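Working through the structure, step by step
What follows is the residue order along each chain.
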Amino acid sequence: MAKPRILITRKWPDACEARVRRDYDVVLNETDEPLSQDDLQEALGRFDAVCPTVTDRFSAHLLSKAAKTKLIGNFGVGFNHIDVDAAEEAGITVTNTPGVLTDCTADLAMTLMLMVTRRAGEGERLVRAGDWHGWKPTQLVGARLTGKTLGIVGMGRIGIATARRAQAGFGMNVVYYNRSEVSPERLDGLKAERLDDIDAVCEAADIVSLHLPGGGANSKVLDAGRIAKIGPEGFLVNTARGDVVDEPALIDALHSGALGGAGLDVYAAEPHVPEPLRALDNVVLLPHLGSATAETREAMGHMVLDNLDAFFAGRDVPNPVR
Ligand code: 8YV
């Protein structure tokens, strides 16, 4: 029997590319250039499965014309770049990669939290520019994490893992908002108070860290009013999706001092990072590095392929998005 035809839209870790080459009739992206909407449309007519990343947008329009593809095996846990209703309507199964990137994304949230509160980006720029002329007691004085309150918005796997690090490693108090109750089993010893809404978390927390999915009702959930509630001494960290924050309102708040600082790994229209944001000193800007470790990226690729293997063997896929 002919092997299923697979498209991998971006360069993957070597071990994962070797596995997919061995098991499937695969087209890899040797140049690693992002595919255009026309390329993706064509792919949906040629391949049994397409394995995209966050850089590939599958709109309802595209999916409604899918002539061949029956599986979209997303390399990543977030899937707001795929219209899953339209995929379902087109009879396409969508899978993702939950769990394997939890620790690394939580580590990156802590990285941003430390960098922005301790002004590490500013310090690095100072040294690299050759402008550091020696130690002084008032130079680049930041804020201490110990004893501060972390507010988590979206207490899923990554939110919990971030809270655990903040509490166990940095002695922080934790409050959170999550639509549903989080069971004590999932909290597993973590001391965290669930507040009534996101506004209450922004009021109570010194640092707010976002861990909710992008798209839909979550779009711009951190608006000007909520950002103002975090306050001039407060900080915002976003490793979730750029669209959950009102980006122009964030820039205004950072500029006016209504918000103390921000640490961002994600942006509203990636890879575009607005120039006014890049011009600000009280923001740390990373290029969507949440899951970027060798171990995790390899685990993500293998998880996509486990889903492909199950699908083409006629078994239930292990990680359907719904
Ligand atoms: C991924 C992410 O690297 O998994 C996610 O949702 O945000 C990132 O860590 C990226 O989405 C790859 O598609």
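1. A closer look at the pairing of strand S1 (residues 5-8)
One ladder, built from three bridges, connects S1 with strand S2 (residues 25-27); its direction is parallel. The residue bridging Arg5 from the neighbouring strand is Asp25, located in S2. Between the parallel pair S1 and S2, the chain is carried across by helix H1 (residues 14-23), and the sense of this crossover is right-handed. Here three bridges tie S1 to strand S3 (residues 49-51), and the two strands are oriented parallel to one another. Opposite Ile8, over in S3, you have Cys51 as the bridge partner.

2. Considering the site of the ligand
The ligand sits among Thr53, Val54, Phe75, Gly76, Val77, Gly78, Leu101, Arg241, His288, Ser291 and Arg297. The separation between an oxygen atom of the ligand and a polar main-chain atom of Val54 is 2.9 Å. One of the backbone nitrogen or oxygen atoms of Val77 is found 2.7 Å away from an oxygen atom of the ligand. Split by residue class, the shell around the ligand holds four nonpolar, five polar and two charged.

3. Re the domain arrangement of the protein chain
Looking at the protein chain, the domain boundaries give domain 1 (5-100 + 294-312) and domain 2 (102-285). Just the C-alpha atoms count here: the centres of domain 1 and domain 2 sit 31 Å apart. On the domain 2 side, the residues contacting the seven residues of domain 1 number seven residues. Of the roughly 550 Å² buried between domain 1 and domain 2, counting both surfaces, carbon and sulfur atoms make up 48%. Viewed at the interface, domain 2 and domain 1 are joined by zero salt bridges. On the surface where domain 1 and domain 2 come into contact, there are two residue pairs in polar contact (both at pLDDT 80 or more). Looking at the side of domain 1 that touches domain 2 residue by residue, the classes come out as three nonpolar, four polar and no charged.

4. Section: the side chain of Ser209
Along the chain, the position of Ser209 falls in strand S9 (residues 207-210). Take Ser209: its relative accessible area is 0%, and that puts it in the buried class. Within the local environment of Ser209, its side chain forms a polar contact with the side chain of His211, the two groups lying 2.7 Å apart. Discounting residues that sit within four places of it in the chain, Ser209 has contacts with Ala109, Met113, Leu150, Gly151, Ile152, Val153, Thr162 and Val237.

Conventions we followed
Residues numbered from 1 in each chain as written. Predicted model: local features only at pLDDT ≥ 70, side-chain atom pairs only at ≥ 80, totals over all residues. Heavy atoms only, no water. Pairing = 2+ DSSP bridges. Helix = DSSP H or I, 4+ residues; strand = E, 2+ residues; numbered from the N terminus. Right-handed = clockwise from strand over helix to strand, strands pointing away. Near = heavy atom within 4 Å. Polar contact = N/O pair within 3.5 Å; in protein donor to acceptor, adjacent residues only side chain to side chain. Nonpolar A, V, L, I, M, F, W, Y, C, P; charged D, E, K, R; others polar. Domains from an automatic or database assignment. Contact = heavy atoms within 4.5 Å. Buried area = accessible area lost by both parts, 1.4 Å probe. Salt bridge = Lys/Arg side-chain N within 4 Å of Asp/Glu carboxyl O. Buried < 20%, exposed > 50% of the residue type's maximum accessible area, 1.4 Å probe, protein only.

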